Amino acid sequence: MVVEPEHTLVDGRKRPQRPQRTHREVADELRARIRSGRLRPGQRMPTQAQLADEFGVERGTVRQALRILQSERLLTNVSKGSPATVAPDPDTALTGPVAPPAPTTAALAPRITEAFASPHVEIDALCLTSVSLTLALGEPLRQIHAGRRKPAKIDVRVLLPGRNIDLAFPVAVDGGGDAVHDRWLAMRNAQGQVLRHNLLSLRATHGIDVRVSFRALPFTPPVKLYLLNGTEALFAYYTLSRREQEIDHEPMEMYDVEGIRSTLFAFGQAGDRRDGAFVKQSRLWFDALWETISSDLLLTT
């Protein structure tokens, strides 16, 4: 026979005490309310204090539950300062293999912005030039300057192709043309310098502990990967196309990609077992590249 734990009341009597709910159980209940329509799209959630009192848990447990629902695109504006909001269209708030993928320009910025709600922001990126990442950081930086976000610490690591490798792309169709390589290198360096400057300036303006590191890969990455706070992976393929572009005032046929339009697929640690495994393996892969075959990268020509 299972005996429930007891606690003593003021008058000395004892009564059973129900086990405290876990953050996943709280998330399951709130998810059910959203799916049933009890909590409507655009509606503000009860405060974290109210939810903690309702479920008989600590506020930290509530925050963990809300972050799970945020990672599933069911909630927005999850922070300590104000109540969260039910996503405008929860029927499309899906993750993993059933999530509708979106171009990098549309998908990356909202996820980066949500990542900045954490007190310790961690972003790892593997990409060709860091253009998409630099653009996506614009909104969270604006929110920090407006006082709506203030993480205590930001750590950003970026893996980019090394300057001296033979790039697989972009490359001239005829196999020649150092101008293509030089153009890519100038863009890689310029975007990296802007990204680093924008983040490091937060030290002086807001007292945020910021670290930005770059390392060089000995190959051209065929995919792009963003890891956010160790709990979410955004993955896209670089798809090659043949096109004509003017370089040094001369038309040139080249094989190239448009990284900002690459379709991103989202995988969340709080999703199903498959998603969690993808996030874990992506982190292991990135760390292995960072610690083994990559080298110091200088953002200079």
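It should be emphasised that the depicted structure is a prediction, and the values quoted were computed from it without experimental measurement.

Draft legend 1. Expanded view of the pairing of strand S10 (residues 223-228). Of all the 6 residues making up S10, 6 are buried; the element is thus mostly covered by neighbouring parts of the structure. Of the two faces of S10, the one lined by Val223, Leu225 and Leu227 and the one lined by Lys224, Tyr226 and Leu228 are each fully buried. As judged from the 4 bridges shared by strand S6 (residues 120-126) and S10, these two strands associate in the antiparallel manner. Bridged to alanine 125 within S10 is tyrosine 226. Relative to strand S11 (residues 232-237), S10 runs antiparallel, the two sharing 6 bridges. Bridge pairing links valine 223 to tyrosine 237 in S11.

Draft legend 2. Focus on the sheet that holds strand S9 (residues 209-217). One open sheet accounts for 8 strands, arranged S5-S14-S11-S10-S6-S7-S9-S15; its pairing is mixed. In this open sheet, the two strands that pair with only one neighbour each are strand S5 (102-103) and strand S15 (295-296). Across 2 bridges, S9 lies against S15 in antiparallel orientation. Of the residues in S15, the one forming a bridge with alanine 216 is serine 295. Running at roughly 165 degrees to S9, helix H7 (residues 178-206) makes contact with strand S7 (153-161) and S9 of the sheet.

Draft legend 3. Representation of empty space enclosed by the protein. By the definition in use, this model includes 1 cavity of 30 Å³ or more. Reported here for the largest cavity is a volume of approximately 30 Å³. Together, Pro46, Gln48, Leu66, Asn77, Val78, Ser79, Ser82, Pro83 and Ala84 line the largest cavity. By residue class, the composition of the lining of the largest cavity is 5 nonpolar, 4 polar and no charged.

What counts as what
- Residues numbered from 1 in each chain as written.
- Predicted model: local features only at pLDDT ≥ 70, side-chain atom pairs only at ≥ 80, totals over all residues.
- Heavy atoms only, no water.
- Buried < 20%, exposed > 50% of the residue type's maximum accessible area, 1.4 Å probe, protein only.
- Helix = DSSP H or I, 4+ residues; strand = E, 2+ residues; numbered from the N terminus.
- Pairing = 2+ DSSP bridges.
- Contact = heavy atoms within 4.5 Å.
- Axes fitted to C-alpha atoms, helices over the stretch in contact; angles between N-to-C directions.
- 1 Å grid on protein atoms, 1.4 Å probe; cavity = no way out; pocket = protein on both sides within 12 Å on 5 of 7 lines; lining within 4 Å.
- Points joined across faces, edges and corners; volume = space filled by probe spheres on them.
- Nonpolar A, V, L, I, M, F, W, Y, C, P; charged D, E, K, R; others polar.

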